[in-house]
Amino acid sequence: MPHENSPLLTCGLSGLISGLGQDGQEEPLDVDCNQGNPATSRARSLNTFFGVIVPTVLSMFSIVLFLRTGFVIGHAGLFHSLIMMGVAYVIVSMTILSICAISTNGAIQAGGAYFMISRSLGPEFGGSIGLMFYLANVCGCGVYVLGLVEAILDSYGQEAGSSAAVLPGGYWYGVLYASVVLFVCMLVCLVGSHLYTRASFLILLVVTVTLLSVIISTLVLGPIPISLSHPGDTPNSTHVFSTSYTGFNLSTLKNNLYPGYTLDYSTNTVMTFASVFAVMFNGCTGIMAGANMSGELKNPSVSIPKGTVIAVAYTFIAYLLLFLLVSSTCDRVLLVQDYGFLRRVNIWPPFVTLGIYCSALSAAMSTLIGASRILHALALDQLFGSFLAPASITTQGGNPWVAVLYTWALVQCVVFAGQLNSITSLVTVFYLLAYAAVDLACLALEWASAPNFRPTFQFFSWHSCLLGIVGSVVMMFVIEPLFSSASIALLLLLLLFIHYRSATSSWGYISQALIFHQVRKYLLMLDVRKEHVKFWRPQVLLMVSNPRSSCQLISFVNQLKKGGLFVLGHVHLGDLDSMTSDPVQGQYQHWLSLVDLLEVKAFVDLTLSSSVRQGTQHLLRITGLGGMKPNTLILGFYDNCVPDDYFLQDPVFYGGVDVANVDLPSLQAHFPPVRNHESSWRLSPEEYVGIVRDAIKMGKNVCLARYFHQLQLVGCGTTQLIDVWPLNLLRPESGGFVDVCSLFLLQLACVLNMATTWKHAHMRIFLCVEAESQHGAWPGAGWLQKEAELRELLQKLRIRASIQVVTWDVGTTDTMEEGGGGEGGSTSRRAATPGGGDIGGGEEGEGGWARTAPCVSEDFLLSVNGMLRENSAQADVRFLYLPRPPAPPDQSQTYLAQLEVVTHELGPTLLVHGLTPVTCTDL
């Protein structure tokens, strides 16, 4: 029998607060809720402008601004282009609102978007989405590198037709040039991000001047005839196009208003709304470039929202202005057949060339740096095991050079795609999935109504989060259904992988907050007044003294619960008045670790009391909540048996198996070894029987479990035997198998037979009949009639079992002790009581209690035990009828002695006394 969490601190504060120690003195309490995160102690040096605005603007301009604006307008027309830009910026804006909300809710460390998602949604979602976002940055870097190579070949390729055309073209040459460019970017990143940030402002100035030159050129230049040529479908053939730059012209604007999707000369495929949107959306994928630099920002919670909003507003105005100018001044053929047409219509063409080179190169380096930071953060969090462990290595200055090399190698694989337009769909799908995840994180925090979610940025709501999620997911499937389905499948696989292998983190799980929110709601809806016997299920409180000797029983009850409530109860003996603190609170973590190791679906409820009986009363009254409260109490049997120490048998417990997240030495030390004599905590017979009596008074069903340390926990598919004896064997003439207690016993056995591990077990129900030659037992009804009645009952109850008829060779009246039992010792036969069956042995006292224990001879008890051992020797588990305990406390020892003799050396046996009607034959 039994004798016997970390505090929630406010997240997002920096530094220490003062708390009171046990001695009443103030002591510092670390309130960093992100201990173990990928943050490092390296200095933060970047402000909002250099750390967020500059990299975000450059990443969003990238190759789309100067190399794909004409492509978008030429194929989609101005109307469709504006729709695309509107959809893209709505998705981006909703995501930015979520980013701002999350980033202002606490301290942001290195890792950017990955850090925000993981610390908001937990390691499963954070790790899987973080890896997907990392892949998006890898593919995005490849796009920018290929775009830069395209611009270089457009100026210096042999097919360019200019005097500087010295570079040979073709697929492999393109891959070579891209590899060289990528290698240069990698060298810059190995030196450190500070080199890029120092040059980024100069790059932004160049890009801004280039953009101004494009705008000024449209106002200054007049019409320009242009001739274009592309390689033909056959060798040595070319396609020649005559087009023009018209300047501001109403006819040009009208011709460019509507879509005209046609063949793309670089990929030789016909463009659609989805494919053009995928290209255009790459100009909106840099919104997290500043967030990715969170580890280098002086004040990321301020810089990220402010800088991102400013950068996105700036790029939106630039794109809108450029779309209007291009559609009003350029012939459609020029837009479709020449990606770099802006060089031809500029007052000084080198401006545009320099702008293209700078924007593409800076975007490539920015995504390479950002991706390596995400990978470094993933490696520090150890969510993917040793595979990413080298990526956590840094230089003395904090530069993750191994992560840079990993990322460079992956981007090198991407550049083998050869053409920019061929991989934009994949890149866009990855980014949209990452944006949807950020919106999901913010939505979950908002819906969870967590008191600690109070961001200083207030311009968001669950509507904006939901709109961002829906928009991102819809556009994913519009762009590329196959890639979208595959990316979501990959995301789910990563989520499951991390869930089953990662250790419990201290970041907080949004799933727990959401579950709490919903469980509270549904518990209020679970009305006990609407309970019905058709939907009854076991809800068990299992009292455990020392789990070292109870692990098999705990696992067995876990299979017996049939989706019901399962609580491990334990009473710690003591008086709180004499203690400085509650000793129970510190024990929960050990019991929960035990639950994890045994892989059972159980709750833990501990209490402090001066006696085990009183503590059990406490748990029976207060365990559970609302309609989820225990209806069945299970106790270990009261005997002198010393079971084996399960902790010394299973390698999980003595360290033979590596178990993540569990401190095995601490667990071993907390639960003392099983000893031969534990007289200091053993219950008296009166107290033990009193617990059974209390439970029945409180309307709880009671089960006593004996010899379950011998239970062999075999796997499913093995043939097993479940034996059921639905008769009160201490008083067989008191009733049959149709009282409430017998039916409850049948129901429990049937529930066990439905469990996965026991579903192949064969259930046998034993029908005890007295030989007709002896005393005419059960007059007027032979054993055939009894068997037919039992078979009919099993058919009505849909219980699949075989009936075993056992001849009752012992005359009950002959084996009763003459005159035993005093006043309550009458041996007259009586029908079973409707309330659950009489235990036999005397008339019932007040409240339906038996006045005394059944008065039977030792020979009778031994014969009953012999009958059970003879017929149930091969059974894996046995269900026996538990008689109601006697009312007088002085009869408790006799009652227990009778039960001990009857069940002696039977093997795993569950003695059951049921009070609850649990069977129903109606639909």
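A short tour of the structure in this document, coming up.

Parameters at a glance
- Residues numbered from 1 in each chain as written.
- Predicted model: local features only at pLDDT ≥ 70, side-chain atom pairs only at ≥ 80, totals over all residues.
- Heavy atoms only, no water.
- Core = buried A, V, L, I, M, F, W, Y, C linked by side-chain atoms within 4.5 Å.
- Buried < 20%, exposed > 50% of the residue type's maximum accessible area, 1.4 Å probe, protein only.
- Helix = DSSP H or I, 4+ residues; strand = E, 2+ residues; numbered from the N terminus.
- Contact = heavy atoms within 4.5 Å.
- Salt bridge = Lys/Arg side-chain N within 4 Å of Asp/Glu carboxyl O.

## So, the nonpolar core
Consideration 1: Counting residues in hydrophobic clusters, the biggest one holds 157 residues, and the most contacted among them are Ile287 and Met288.
Consideration 2: If you tally residues by element for this core, the top one is helix α3 (residues 69-103), at 18 residues.
Consideration 3: Aside from chain neighbours lying at most four places away, what touches Met288 is Thr95, Ile99, Ala113, Phe133, Tyr435 and Val438.
Consideration 4: By size, the runner-up hydrophobic cluster in this structure holds 64 residues, among which are Leu568, Ala602, Cys703 and Leu790.

## Digging into the pattern of salt bridges
Consideration 1: This structure, assessed with the given rule, holds 10 salt bridges.
Consideration 2: Where Arg706 meets Asp639, a salt bridge forms, and the shortest distance between an N and an O atom there is 3.0 Å. Of this pair, Arg706 sits in strand β11 (residues 701-706) while Asp639 sits in the loop between β10 (632-636) and α21 (651-654), placing them 67 residues apart in sequence. Comparing Arg706 with Asp639, the two get one shared label, buried.
Consideration 3: In this structure, Arg764 and Asp723 form a salt bridge, with 2.8 Å as the shortest nitrogen-oxygen distance. Highlighted residues: Arg764 in strand β13 (residues 762-770) and Asp723 in strand β12 (residues 721-725), separated in sequence by 41 residues.
Consideration 4: Given the relative accessible area of 15%, Arg764 is considered buried.
Consideration 5: Of the residues examined, Asp723 reaches a relative accessible area of 0% and is grouped as buried.

## Brief notes about the environment of Phe766
Consideration 1: Residue position: Phe766 is located in strand β13.
Consideration 2: Here Phe766 falls in the buried class, since its relative accessible area comes to 3%.
Consideration 3: Along the primary structure Phe766 and Asp723 are separated by 43 residues, whereas in three dimensions their C-alpha atoms are 7.4 Å apart.
Consideration 4: Discounting residues that sit within four places of it in the chain, Phe766 has contacts with Asp723, Val724, Trp725, Pro726, Gln804, Val806, Asn871 and Ser872.

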